[in-house]
Amino acid sequence: MESDNATTVRPGAFDPLDRQLIQALQLDARAPFSRLAELLGVSDQTVARRYARLRATGLRVLGLSSPEALGEVRWMVRVQCAPAAAMDLAEALARRPDTAWVNVCSGGAEINCSTRAHPDRQDDLLLQRLPRTSAVVGIVAHCVLHTYFGGAQSLALKSGALGAEQVAWLRARSDVPDVVPAPSALGPRVTLDAGDRRLFAALAADGRAGFPELAAATGWSASTVRRRMDELYRCGALYFDLDLDWRRFGVQAVTELWLDVAPAELAATGEALAAHPEIGYVAAVTGPSNLNAVVLGADVQALYTYLTTRIAALPAVRRIESAPVMRTVKGPGPIVTPTRPSRPRTVRPRAAHPSRRAES
């Protein structure tokens, strides 16, 4: 008999059915409740209740655009600043439409964020605005060269909530491709028109919005919306991600890692890190460190264990710098989380660092 209570799970945590639903949504973000119910062996009503409950606790399904498919360049920006001004600066960065994953790190002395721009407009954020801010004492900008894990490959896929047979069953009935095109496999760069931009804005607000809603937002017919979404997804311009509170998965320590890796072993090391269950994001970047990763752990002791075992076992890692995330001001999508609360706010770790395969 199906049950919709979680009395055996510690308060605030996701129970097994929640975890299965989350992983299923990562695999097929727009799957109808009836399909999800059949997959999970519960009723449509139970799935609808669970999804509503998850949304009430912060879960968002986001439809986002891939900068690679649009011919844009992604940067990871590290801003050293006066701690007293960190939140004001982080909130200003979060309000920009070209940023994602704005994190206050290292006790408030650093802000990390992801930004994207067309090659002919890259100086807007990196070279013009920030240096003119008196609170900024230093900037290091890393161009993202290759993403090994992140974005469409969310950490939810590593949860193991669904069995292999369930994953195969859902993929066989899904309308989305089994494999999202890698940047190197993308065809001609996609040019978005005004209707496309309205479509992405609506999907960023709610990736599960119905076709009638999307038609109203774009001014297209529902059939045109359906056809265009399929085109954008299959060429790699559109992907779906989940934004959720990873503390409910037991994640209490989120840490940015900057690694110096021997160039000949960069790809092998990035791929090895991508396979680690603790890693939410890893990419090759330019700059003084050539590999950027995000670790999600249960606590600082778990981080220590990870660094002294898994990282220590990678022979090509020559140097490592860590920056604990104290607060996430903005997540993967263009919608900014509420800023400057009336009472102190705890860290809200999110899923794989920057959609970072492709944000916003």
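Residues numbered from 1 in each chain as written. Predicted model: local features only at pLDDT ≥ 70, side-chain atom pairs only at ≥ 80, totals over all residues. Heavy atoms only, no water.

Asks: Mind showing me how you'd approach the packing of aromatic side chains here?
Replies: When we look at a pair of aromatic rings, we describe it by the centre distance and by the angle of the planes. Summed over all chains, the structure comprises two aromatic pairs. Ring geometry for Tyr-233 versus Phe-240: centroids 6.0 Å apart, planes at 25°, classification stacked. In terms of burial, Tyr-233 and Phe-240 fall into one category: buried. Over the ring of Phe-211 we find Arg-30, and its NZ or CZ is 5.0 Å from the ring centre. The residue whose ring lies beneath Arg-208 is Tyr-51, and the NZ or CZ to ring-centre distance is 5.3 Å. (Phe/Tyr/Trp six-rings, centres within 6.5 Å; stacked < 30°, edge-to-face > 60°. Buried < 20%, exposed > 50% of the residue type's maximum accessible area, 1.4 Å probe, protein only. Lys NZ or Arg CZ within 6 Å of the ring centre and 35° of its normal.)

Asks: Could you clarify how one ought to interpret the packing of helix α7 (residues 194–205) against helix α8 (residues 211–218) in this entry?
Replies: Relative placement of two packed helices is described by the angle separating their axes and the distance separating the axes. Running from amino to carboxyl end, α7 crosses α8 at an angle of 135°, the nearest separation of the two axes being 8 Å. When the axis of α7 is compared with that of α8, the two are oblique. Once α7 is placed against α8, the crossing between them reads as right-handed. Here Gly-195, Arg-198, Leu-199, Ala-202 and Leu-203 of α7 come into contact with α8, specifically with Leu-214, Ala-217 and Thr-218. Residues belonging to the contact of α7 with α8 are distributed by class as follows: five nonpolar, two polar and one charged. (Axes fitted to C-alpha atoms, helices over the stretch in contact; angles between N-to-C directions. Helix = DSSP H or I, 4+ residues; strand = E, 2+ residues; numbered from the N terminus. Parallel < 35°, antiparallel > 145°, perpendicular 65-115°, else oblique. Left-handed = near helix turned anticlockwise from the far one by under 90°. Contact = heavy atoms within 4.5 Å. Nonpolar A, V, L, I, M, F, W, Y, C, P; charged D, E, K, R; others polar.)

Asks: It is not clear to me how the sheet that holds strand β3 (residues 99–105) should be interpreted in this structure. Could you clarify?
Replies: By definition, the strands of a sheet pair up through backbone hydrogen bonds, in either a parallel or an antiparallel sense. One closed barrel holds the eight strands; their spatial order is β2-β4-β3-β10-β7-β9-β8-β5, and the pairing between them is antiparallel. Mean inter-strand twist for the sheet, computed between neighbouring axes without regard to direction, equals 35°. Taken together, the four bridges between strand β5 (residues 136–149) and strand β8 (residues 279–285) define a ladder with antiparallel strand orientation. Bridge assignment links Val-144 to a residue of β8, and that residue is Val-285. Its contacts with the sheet put helix α4 (residues 86–94) on β2 (73–81), β3, β4 (110–117), β5 and β10 (317–330), and the angle it makes with β3 is roughly 170°. Where helix α10 (residues 266–274) meets the sheet, its contacts fall on β5, β7 (253–261), β8, β9 (291–297) and β10, and the angle it forms with β5 comes to roughly 85°. (Pairing = 2+ DSSP bridges.)

Asks: Explain the environment of Arg-248 here, please?
Replies: Counting through the fold element by element, Arg-248 comes out in the loop between β6 (238–243) and β7. Residue Arg-248 is classed as buried on the basis of its relative accessible area, which comes to 15%. Expressed as a C-alpha distance, the spacing of Arg-248 and Arg-19, which sit 229 residues apart in the sequence, is 10.0 Å.

Asks: Just to check I follow, could you spell out unusual backbone geometry for this structure?
Replies: Most peptide bonds take the trans form, and the phi angle of most residues other than glycine is negative. At Trp-101, a position not held by glycine, the phi torsion is positive, near 50°. The topology assignment puts Trp-101 in strand β3. Notably, Ser-106 is not glycine yet its phi reads approximately 50°, a positive angle. Relative accessible area serves as the criterion here: at 31%, Ser-106 is assigned to the partly exposed category.

Asks: How should I be thinking about the side chain of Ser-174 in this particular structure?
Replies: Looking at where Ser-174 falls in the secondary structure, it is placed in the loop between α6 (164–173) and α7. Judged by its relative accessible area of 14%, Ser-174 is buried. Within the structure, Ser-174 has its side chain in polar contact with the side chain of Asp-28 (distance 3.1 Å). In contact with Ser-174, not counting residues within four places along its chain, are Asp-28 and Arg-35. (Polar contact = N/O pair within 3.5 Å; in protein donor to acceptor, adjacent residues only side chain to side chain.)

Asks: Help me understand the nonpolar core in this model?
Replies: Grouped burial of nonpolar side chains is what soluble globular proteins tend to show. With 59 residues, the main nonpolar core has Leu-21, Leu-214, Met-229, Leu-232, Leu-238, Phe-240 and Leu-244 as its most contacted residues. Here this core gets six residues from one element, more than from any other, and that element is helix α1 (residues 16–27). Setting aside its immediate chain neighbours within four residues, Leu-214 contacts Arg-30, Leu-199, Ala-202, Leu-203, Ala-209, Val-225 and Met-229. (Core = buried A, V, L, I, M, F, W, Y, C linked by side-chain atoms within 4.5 Å.)

Asks: What am I meant to see in the pattern of salt bridges here?
Replies: Counted according to the given criterion, the structure contains 14 salt bridges. For Glu-72, the salt bridge goes to Arg-116, with nearest N and O atoms at 2.5 Å. Taken together, the residues Glu-72 in the loop between β1 (60–65) and β2 and Arg-116 in strand β4 connect sequence positions 44 residues apart. A relative accessible area of 17% means that Glu-72 is categorised as buried. (Salt bridge = Lys/Arg side-chain N within 4 Å of Asp/Glu carboxyl O.)

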